[in-house]
Amino acid sequence: MVCIGLNYRRHAEESGAAIPDHPVVFMKMPSSIQHPGGPIVLPRTLRSDKVDYECELAVVIGRRCRNVSRRVALDYVLGYTCGNDVSARDWQNEWGGGQWCRGKTFDTFCPLGPALVTTDEIRNPNALRIRTVINGETLQDWNTSDMIFDVPALISFLSGSTTLEPGTVIMTGTPHGVGGARKPPRFLQPGDQVTVDIEHIGALTNPVVAEE
């Protein structure tokens with residue numbers, strides 16, 4: 001699970017961050033993956049009251065690649081699916097010591113699905129409408145064309161001097177409209193229902209519950 005932060009221009013603007021010179025990379029553990037329909041669990045042992053949503057295009061690598069050029073990068077993609085980079089903003093920004101992984105990799109913090117759409121059906125992954133809808137309200141609605149580093153550029157960068165194995169999932173960043181940037185902030189609450197919808201892929205829906 002290789003993830004990219006600050007990869008949409010409008011999201012960088014709402015975050016007050018400079019446009020990065022290189023992709024911003026962090027990781028999620030496999031235990032963060034959640035099925036379509038499975039609950040997003042708000043942490044209570046390591047408590048967070050600032051859990052945010054992030055709709056993302058997820059890229060699944062289909063064959064081993066290393067030092068791949070941008071020109072042929074999409075040849076190594078198996079397909080695309082919807083992802084939600086759920087993020088505990090307090091652990092990410094306040095208590096993480098400058099590292100994002102703690103706030104990003106709690107159990108269930110990476111719902112994926114509902115389908116893997118192969119590259120013959122999506123020729124250009126950077127021309128897709130992408131949305132987050134919570135309880136029927138659309139909170140993110142943009143297009144993957146706003147990525148600072150498009151999908152071929154990400155694959156080329158991530159495979160530089162580094163082997164990407166088949167099954168590697170690349171989370172490609174989120175557009176503007178995240179809860180932490182809203183005034184007032186809009187964080188996830190028990191009882192919410194979150195849907196990530198991406199054109200030509202489908203809708204990934206997960207309920208939100210508190211950890212027992």
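Residues numbered from 1 in each chain as written. Predicted model: local features only at pLDDT ≥ 70, side-chain atom pairs only at ≥ 80, totals over all residues. Heavy atoms only, no water.

In a beta sheet, neighbouring strands are held together by backbone hydrogen bonds and run either parallel or antiparallel to one another. A sheet is described by the order of its strands in space; here five strands give the open sequence E4-E14-E13-E10-E11, paired in mixed fashion. The sheet is open, and its two edges are formed by strand E4 (40–42) and strand E11 (137–143), each paired on a single side. On average, each strand axis in the sheet is inclined to that of its neighbour by 20°, with strand direction left out of account. Judged from the five bridges that link them, strand E10 (residues 129–134) and strand E13 (residues 193–198) form a sheet pairing that is antiparallel. Across the sheet, Thr132 pairs through a bridge with Val196, a residue of E13. (Pairing = 2+ DSSP bridges. Helix = DSSP H or I, 4+ residues; strand = E, 2+ residues; numbered from the N terminus. Axes fitted to C-alpha atoms, helices over the stretch in contact; angles between N-to-C directions.)

What follows deals with the environment of Val59. Along the polypeptide, Val59 turns up in strand E6 (residues 55–61). For Val59, a relative accessible area of 1% translates into the label buried. For the pair Val59 and Thr172, spaced 113 residues apart in the sequence, the C-alpha separation amounts to 7.5 Å. Setting aside residues no more than four positions away along its own chain, Val59 makes contact with Val77, Gly79, Tyr80, Val151, Ile155, Thr168, Val169, Ile170 and Thr172. (Buried < 20%, exposed > 50% of the residue type's maximum accessible area, 1.4 Å probe, protein only. Contact = heavy atoms within 4.5 Å.)

A few words on a nonpolar patch on the surface. Nonpolar side chains collect at one region of the surface, where Val25, Met27 and Phe157 lie side by side and expose about 250 Å² of accessible area between them. Looking at the secondary structure, you find Phe157 in helix H4 (residues 151–158). (Patch = residues over 30% accessible without salt bridge, like charges linked within 9 Å, V, L, I, M, F, W, Y side chains within 5 Å. Areas by Shrake-Rupley, 256 points an atom, 1.4 Å probe, with all protein chains shown as cover. Salt bridge = Lys/Arg side-chain N within 4 Å of Asp/Glu carboxyl O.)

Moving on, we get to the packing of aromatic side chains. The tally for this structure, following the rule as stated, stands at three aromatic pairs. Arranged with centres 5.4 Å apart and planes meeting at 70°, the rings of Phe106 and Phe109 form a pair that is edge-to-face. Residue classification places Phe106 among the buried positions, given a relative accessible area of 9%. Classification of Phe109 as buried rests on a relative accessible area of 0%. Positioned above the aromatic ring of Trp142, the side-chain terminus of Arg10 is 5.0 Å from the ring centre. Above the ring of Phe106, the side-chain terminus of Arg102 is found at 4.1 Å from the ring centroid. (Phe/Tyr/Trp six-rings, centres within 6.5 Å; stacked < 30°, edge-to-face > 60°. Lys NZ or Arg CZ within 6 Å of the ring centre and 35° of its normal.)

So, on to the nonpolar core. Formed by 32 residues in total, the largest nonpolar core has its most connected members in Leu57, Val59, Tyr80, Ile155, Ile170, Ile198 and Ile201. Residue assignment for this core shows that the elements contributing at least two residues are strand E1 (2–5), E6, strand E7 (77–84), H4 and E13. Residue contributions to this core peak at five residues, all from H4. Sequence-distant contacts of Tyr80, that is, excluding residues within four places in its chain, are made with Leu57, Ala58, Val59, Leu74, Ala115, Leu116, Val117, Thr119, Ile122, Pro125 and Ile201. One finds Ile40, Tyr53, Trp91 and Phe109 within the second-largest nonpolar core, a separate group that totals 14 residues. (Core = buried A, V, L, I, M, F, W, Y, C linked by side-chain atoms within 4.5 Å.)

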